[in-house]
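Residues per chain are reported as follows:
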Amino acid sequence: MGKTNARLRHLVLGLAVAAAAVLVGCAPQANDVAGGGSTGKDEPAAVDFSWSQEADCAMCHAAESASMEDASCQAAMHEQQGVPCSGCHADEAGLATAHEGATTASSAPARLKSTSIDESTCTSCHGDRAALAVETAESAALVDSQGTTANPHELPSSPDHDGIACSDCHQMHVAGAAGELAKKTCIACHHEDVFECGTCHEEQ
């Protein structure tokens, strides 16, 4: 009887050890992070992205999407009028090229690099510069340190002024009034905050 009990105990003990070995083998193992293994954290998979005018821009451009709801951004005014992203970002060929090879894990650039917004896109709704100049004739948005006021839509013709695009002053997805952002554009060249020419480099 004693021998039978001993054999039974050995059998039960053996089965318990075998079961423990199976359980350890099936349990999740620590990842070899130092050796390049996974950290164990859920990482979003990079899914190929095929751009189209109907795509949900907010999937990647979260900051720009948020600006559409931010009253301190000019883009919010367009959102209130029901203007979609494609209403301004209409360069289909340029946008298709810019999104080539993009995935849902790609980082979006802070500013447009490969595409631009054509001035005709702006003027189709807001009128041409001549009409805008009339509307802003009394504007005091651009005043230099000497008290000189400039009409933002009727600047004296020069290579620098003629190259200013609507989006240089109207940065739609950046918080701030148009006048504040326009003044920053002016100061990029008029760094002494004086609109008069010849105040920095004396003509010889």
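Counting restarts for each chain, with residues numbered from 1 along the sequence as it is written. Residue-level local features of this predicted model are given only where pLDDT is at least 70; pairs of side-chain atoms are given and counted only at 80 or more, and the full residue set underlies all totals for whole chains, interfaces and linings. Derived side-chain values reflect all non-hydrogen atoms in the structure, with water molecules and hydrogen atoms excluded from consideration.

A. Spatial organisation of the environment of Ala131. A run of H or I in DSSP counts as a helix once it spans at least four residues, and a run of E counts as a strand once it spans at least two, with each numbered from the N terminus. Mapped onto the elements, Ala131 comes out in helix 7 (residues 129-135). Burial classes: relative accessible area under 20% of the type maximum marks a residue as buried, over 50% as exposed, and values in between as partly exposed (1.4 Å probe, protein chains only). For Ala131, a relative accessible area of 33% corresponds to the partly exposed category. Taking the C-alpha atoms as reference, Ala131 lies 8.9 Å from His153; in sequence the two are 22 residues apart.

B. Quick look at the pattern of salt bridges. Any Lys or Arg side-chain nitrogen located within 4 Å of an Asp or Glu carboxyl oxygen qualifies as a salt bridge. Counting across every chain of the model gives two salt bridges. Across the pair Arg129 and Glu119 runs a salt bridge, and its minimum N-O distance is 2.9 Å. One end of the pair, Arg129, is in helix 7; the other, Glu119, is in helix 6 (residues 119-126), and ten residues separate them in sequence. Taking the relative accessible area as the measure of exposure, Glu119 reaches 31% and is therefore partly exposed. The partner of Lys183 in a salt bridge is Asp193, with the nearest N and O atoms 3.3 Å apart. Here Lys183 is found in helix 10 (residues 178-189), whereas its partner Asp193 is found in the segment after helix 10, with ten residues between them in sequence. Look at Lys183 and you get buried, because its relative accessible area is 17%.

C. Structural detail: the confidence of the model for the chain. Across the chain, the average pLDDT comes to 79, with 73% of residues at 70 or higher. Scored below 50 in pLDDT, residues 19-40 shows seven contacts in the model against residues more than four places distant or in partner chains. Every residue is assigned a pLDDT by the predictor, reflecting its confidence on a scale from 0 to 100. Whether two residues are in contact is decided by their heavy atoms, any of which lying within 4.5 Å being enough.

D. Fine view of the state of the cysteines. We call a pair of cysteine sulfur atoms a disulfide when they lie within 2.5 Å. Inspection of the entire model under this criterion finds zero disulfides. Of the cysteine sulfurs around Cys60, a residue in no disulfide, the closest is that of Cys57, at 9.0 Å. The cysteine Cys85 is free of any disulfide, with Cys57 supplying the nearest cysteine sulfur at 3.9 Å. Under the relative-accessibility criterion, Cys85 is labelled partly exposed at 34%.

E. Local environment of a negative patch on the surface. Note on patches: the residues involved have over 30% relative accessible area and no salt bridge, like charges join within 9 Å, and the nonpolar side chains Val, Leu, Ile, Met, Phe, Trp and Tyr join within 5 Å. Each accessible area is a Shrake-Rupley result for a 1.4 Å probe, and residues are judged covered by the shown protein chains and nothing else. In this charge count, Lys and Arg are treated as positive and Asp and Glu as negative; neither His nor the chain ends contribute. By convention, the point assigned to a charge is CZ for Arg, NZ for Lys, CD for Glu and CG for Asp. A cluster of acidic side chains, namely Glu54, Asp91, Glu92 and Asp118, defines a negative patch on the protein surface. In this fold, Asp118 is placed in the loop between helix 5 (92-98) and helix 6. With a relative accessible area of 46%, Asp118 lands in the partly exposed category.

F. Fine view of helix 10. Burial in helix 10 covers these residues: Leu181, Ala182, Lys183, Thr185 and Cys186. On its buried face, helix 10 is in contact with strand 1 (142-143) and helix 9 (166-169).

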